[in-house]
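Summary of the model geometry
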Amino acid sequence: MKFDTPATTNPIDQLKVVGQPVDRIDGRHKVTGTAPYAYEHHDVAPNPAYGYVVGAGIAKGRIRSMDLAAANAAPGVLRIVTAENTGKLGKGKMNIAKLLGGPEVDHYHQAVALVVAETFEQARAAAGLVDIRYEDASGAFDLAASKDSAKKPEGGETDPDADVGDFDQAFAAAAVKLDESYTTPDQSHSMIEPHASMAVWDDDRLTIWTSNQMVNWAPGELAANLNMPADKVRIIAPFIGGGFGGKLFVRSDALLAALGARQTGRAVKVALQRPLVANNTTHRPATVQRIRIGADRDGTITAIGHETWSGNLPDGKPENAADQTRLLYAGAHRLIRTRLATLDLPEGNAMRAPGEAPGLMALEIAMDEMAERLGIDPVEFRIRNDTQVDPENPERPFSQRQLTECLRQGAERFGWSARNPRPGQVRDGRFMVGLGLSVGFRNAPTMTSGARVRLDREGLVTVETDMTDIGTGSYTIIAQTAAEMMGLPMSMVAVNLGDSSFPVAAGSGGQWGAASSTAGVYAACVKLRETVAQKLGFNSGEVEFRDGGVHAGNRSVPLADAARDGDIRVEDKIEFGDLSKRMQQSTFAGHFVEVGVDVATAEVRVRRMLAVCAAGRILNPKTARSQVIGAMTMGVGGALMEELAVDKRYGFFVNHDLASYEVPVHADIPHQEVIFLDETDPTVSPMKAKGVGELGLCGVGAAVANAIHNATGVRLRDYPMTLDKLLERLPEVA
Ligand code: MOS
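Position labels on residues start from 1 in each chain and follow its written sequence. Per-residue local features of the predicted model are confined to residues with pLDDT of at least 70, and side-chain atom pairs are confined, for both listing and counting, to 80 or more; whole-chain, interface and lining totals are unaffected and use all residues. Hydrogens and water are ignored here; the side-chain numbers use all heavy atoms of the structure.

In this section: the overall build of the chain. To qualify as a helix, a DSSP run of H or I must reach at least 4 residues; to qualify as a strand, a run of E must reach at least 2; elements of each kind are numbered from the N terminus. Assigned secondary structure in the chain consists of 17 helices and 32 strands. What the globule rule says is 2.2 Å times the number of residues to the power 0.38, and the radius of gyration is computed from C-alpha atoms. Taken over the C-alpha trace, the chain has a radius of gyration of 27 Å; the compact-globule value for 734 residues is 27 Å, and the two agree within 12%. Taken along the three principal axes of its C-alpha coordinates, the chain extends 80 × 75 × 50 Å. Expressed as a percentage of the 734 residues in the chain, the buried residues total 62%. Contacts are residue-level and defined by heavy atoms, with any inter-residue pair within 4.5 Å sufficient. Considering only residue pairs separated by 6 or more positions, the chain has 81% of its internal contacts joining residues 24 or more positions apart. With residues, only the protein chains shown are counted as cover, and all accessible areas are computed by Shrake-Rupley using a 1.4 Å probe. Just so you have it, the chain exposes about 27,500 Å², and 49% of that area is on carbon and sulfur atoms. Side-chain charges of the chain comprise 77 positive and 92 negative groups, with the mean position of each set lying 1 Å from the other. Only protein chains enter the accessibility calculation, which uses a 1.4 Å probe; a residue is then buried when its area is under 20% of its type maximum, exposed when over 50%, and partly exposed in between. Residues scored as charged are limited to Lys and Arg (positive) and Asp and Glu (negative), so that His and the chain ends carry no count. Positions of charges follow a simple convention, taking NZ of Lys, CZ of Arg, CG of Asp or CD of Glu.

Here it is, written out as structure tokens:
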């Protein structure tokens, strides 16, 4: 099905099942421990061997020697895979550094060996006996120091620079201006399930049970590494314990499991040990951002400039932290710059809302600072500079943009009018109390997505698609879609996901998953409805599917009757035309935060949070809310805790485990409220939905920072806002 004109009324609009807060259909599986994750497919390979990854002990250089004798002689060891003994490997397109390094080492903890043994404990013990000698080379590990050598990135789809009007002149002439720099640190996805894979070879065919967001991207990547045809690789990923962008691409666990299995003739399981994940896989790159805003005295922005710097391995991508500034606020004169330095740290890549998440952490503090300089309420300042068109291409409108409504409703609901605009004035016991807000913004991309649906003689509809559920609720919203389309209760729909033998779906990334994958199921169900109607002798134009039956005029037939002579299977996919080019499809939020700052210790406690989101039709308010409160929690982590500390001498992330890389726990998070504005966007898909999984994170960090400022009068511009940065600057109030 082509989607190139805005949707009109369709069966989804009945909202009998779609749009309802349906419980997760996989919920019972998960809470009873019966949902198999990548390391847990015990039934398919009863006697697997276990691999343990050895990571490089230097950031850059080469392996001079590797002595495997002691490890090979250790109890239970079956095989040690290294680049030297595994034959020539190819390379995929999606990983910058080789997934199995050696003799060259490209980054710290790059995999250089896999010890395969009868048990996990034996593999781990033997891995400690692998004796590697290195020749260390010097590298660049410090973004601030490398910033001046940063270059304009090449080869992207769009120009990373933009100039509209005459920024320099307009900024110089502005009555009120701001020119400040902000920094965000390297961050780690910290999903609960580490990267894990089990590989089984059957002759020249490889099957990998793994934990991966994009099932369709994986076979080609593995095949390229293994120099084999992609159609001989099958990926199975029914349950995924979080990804946040860290599992978009296959990583060393998958390749090494395949190599280990090939060399031992056994099924081999590999899970990256937690202390390896931060340096072996990808992370969100640190940024330095300079923001300049000029405005008239009445608060109209006349000049807005955002420059951002990040670093990556050679051939890596930049963190596009200035991109949202191209679209978020009006302003006649504009300047956007993205610069990329070469660093020898592990590969930087996508983490939940790449670009916008760190970009808004800076921009939305800058907007707060500007409002303060102008003496205008920060809600009003943003609304004054709202735009309903793409500021760089004014003939191109937003398809839907309810940002003002998000802010107005949020302000009302949060009690914003009671906020004292003078910082440091409100006290509650030992806490200084402040309110802050920010705007959340994230685009709503769509991707081609397919599905197969089958109707059987019991009247059960089964959906199969290689879409993934990374904890988001895909199973449930896909079942809701099929139930709505076929006029069935949820109990008559089954959903199978995450298998590369199923039709190719959008996968889970870039918050495109919900809107795109359900639209693919919609397309397949349209076809199933036509086939069923025809089979039952209906004229398909007038047929209604409801209550398990097919109805037209005064004739009603049970849906199951259509499959009396055998299952009906149909397949289709949704392909998106140029609507997303003709208009800007984005999602919006207003984030409101109240903090208390301890007057003696400077500890920041978040006391209340509210997000008001405008993101098209909400397919399931329960799973969508769960996405947003999870994202808001992550935003608190980004504001106050998260930072991969770089050892700038040796080039690695020091705090590479969950004991020292801090994320919020229950006790850190107060009551969170989420409101979804009533919205349908018929230009995005027949579902009229967008995504919320990344929107919920965008801007939260700045709302916390702005609340800290309101509480204390201290303006922090470097994340995370730990108490050491705040303590010395606190006012004398105790
Ligand atoms: Mo997302 S960072 O594309 O999983």
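From this point, things continue past the structure.
Once that is clear, we can look at the sheet that holds strand β28 (residues 586-598). Pairing in this open sheet of 5 strands is mixed, and the strands run β19-β20-β28-β29-β32 from one edge to the other. Lying at the two open borders of the sheet, with one neighbouring strand each, are β19 (427-428) and β32 (671-676). Note: strand β20 (residues 431-443) against β28, 13 bridges, orientation antiparallel. Of the residues in β28, the one forming a bridge with Leu-437 is Phe-592. Under this scheme, a helix contributes an axis fitted over its contacting stretch, all axes are lines through C-alpha atoms, and angles between N-to-C directions fall in the 0 to 180 degree range. The sheet contacts of helix α11 (residues 403-414) involve β20, β28, β29 (604-614) and β32, and relative to β28 the element is tilted by about 30°. Along the sheet face, helix α16 (residues 700-712) touches β20, β28 and β29 and points at about 155° away from the line of β20. When DSSP finds two or more bridges between two strands, those strands count as paired.

Before going further, it helps to spend a moment on the pattern of salt bridges. One side chain can pair with another of opposite charge once the charged atoms of both are near each other. Here, a salt bridge means any side-chain nitrogen of Lys or Arg that lies within 4 Å of a carboxyl oxygen of Asp or Glu. Throughout the structure, instances matching the rule amount to 50 salt bridges. For Asp-163, the salt bridge identified is with Arg-337, shortest N-O distance 3.0 Å. Of the two residues, Asp-163 is situated in strand β8 (residues 162-164) and Arg-337 in strand β16 (residues 333-342); the sequence distance between them amounts to 174 residues. The residue Arg-373 makes a salt bridge to Glu-369 at a minimum N-O spacing of 3.9 Å. Residue Arg-373 and its partner Glu-369 are both found in helix α9 (residues 356-374); the two are separated by 4 residues, about one turn of the helix. Each of Arg-452, Arg-454, Glu-464, Asp-567, Arg-569 and Glu-571 takes part in one network of salt bridges that share partners.

Over its 13 residues, helix α12 (residues 474-486) runs 18 Å from end to end, which matches the ideal 18 Å to within 8%, given 1.5 Å per residue. By the criterion of burial, α12 is predominantly enclosed, with 13 of the 13 residues buried. Two residues or fewer past α12, Gly-487 is found with a positive phi of approximately 70°. Each residue after the first adds 1.5 Å to the expected span of a helix.

This part takes up the domain arrangement of the chain. By convention, interface size is frequently given as the accessible area that disappears when the constituent parts associate. How far each domain reaches was decided by an automatic or database domain assignment. Domain annotation for the chain reports domain 1 (2-35 + 446-581), domain 2 (36-354) and domain 3 (355-444 + 585-732). Taking only C-alpha atoms, the centre of domain 1 and the centre of domain 3 are 35 Å apart. Counting residues at the interface gives 36 residues for domain 1, matched by 29 residues for domain 3. Here the quantity called buried area is the total loss of accessible area, with a 1.4 Å probe, experienced by two parts when brought into contact, counted for both. Here domain 1 meets domain 3 over a buried area of about 2,400 Å², counting both sides, of which 54% is carbon and sulfur. In this assembly, domain 1 and domain 3 are joined by 3 salt bridges. Here Lys-688 and Asp-13 are joined by a salt bridge, their closest N and O atoms 2.8 Å apart. The definition of a polar contact used here is a pair of N or O atoms within 3.5 Å, where within protein one atom must be able to donate a hydrogen and the other to accept one, and adjacent residues in sequence count solely through side-chain atom pairs. At the junction of domain 1 and domain 3, the tally comes to 17 residue pairs in polar contact (both at pLDDT 80 or more). Among the elements of the structure, α12, α13 (513-535), β27 (568-576) and α14 (579-582) are those that each provide at least two residues to the side of domain 1 that touches domain 3. Note that Gly is not counted as nonpolar here; it falls among the polar residues with everything else outside the nonpolar set of Ala, Val, Leu, Ile, Met, Phe, Trp, Tyr, Cys and Pro and the charged set of Asp, Glu, Lys and Arg. By residue class, the composition of the side of domain 1 that touches domain 3 is 16 nonpolar, 16 polar and 4 charged.

Once that is clear, we can look at the side chain of Arg-401. Tracing the backbone shows Arg-401 in the loop between β18 (393-397) and α11. A relative accessible area of 5% places Arg-401 in the buried class. Ignoring sequence-local partners within four residues, the contact set of Arg-401 consists of Leu-327, Leu-328, Asp-386, Thr-387, Gln-388 and Phe-588.

Our next topic: unusual backbone geometry. Following Gly-102, the chain continues to Pro-103 via a peptide bond in cis, the omega torsion being -5°. As for its position among the elements, Pro-103 is in the loop between β4 (77-82) and β5 (104-105). For the bond running from Tyr-719 to Pro-720, omega is -10°, close enough to zero to count as cis. With phi around 50°, Asp-547 is a residue other than glycine that occupies positive phi space. Within the secondary structure, Asp-547 is located in the loop between β24 (544-546) and β25 (549-552).

The subject of this paragraph is the sheet that holds strand β7 (residues 131-136). The sheet built from 3 strands is open, its strands ordered β5-β3-β7 with antiparallel pairing. The outermost strands of the open sheet, each flanked by one partner alone, are β5 and β7. Sheet topology note: the strand β3 (residues 61-67)/β7 ladder contains 6 bridges and is antiparallel. If you follow Gly-61 over to β7, its bridge partner there is Asp-136.

Stacked, tilted and edge-to-face pairs are distinguished by plane angle, under 30 degrees for stacked and over 60 for edge-to-face with tilted covering the rest, among Phe, Tyr and Trp rings (Trp via its six-membered ring) whose centres lie within 6.5 Å. For the coordinates displayed, the defined rule picks out 12 aromatic pairs. For the ring pair Tyr-108 and Phe-652, a centre distance of 4.5 Å and an interplane angle of 25° mean the geometry is stacked. Residue Tyr-108 is found in the loop between β5 and β6 (111-117), and its partner Phe-652 is found in strand β31 (residues 652-653); the two are separated by 544 residues along the sequence. Looking at Phe-652, the relative accessible area reads 15%, which means it is buried. Taken together, the ring pairs in this structure connect Tyr-37, Phe-239 and Tyr-475 into an aromatic cluster. Only when the NZ of Lys or the CZ of Arg is both within 6 Å of the ring centre and within 35 degrees of the ring normal is a charge said to sit over the ring. Seen from the ring of Trp-309, Lys-147 lies directly overhead, with NZ or CZ sitting 4.2 Å from the centre. The positively charged end of Lys-269 is found above the aromatic ring belonging to Tyr-39, 4.9 Å away from the centroid.

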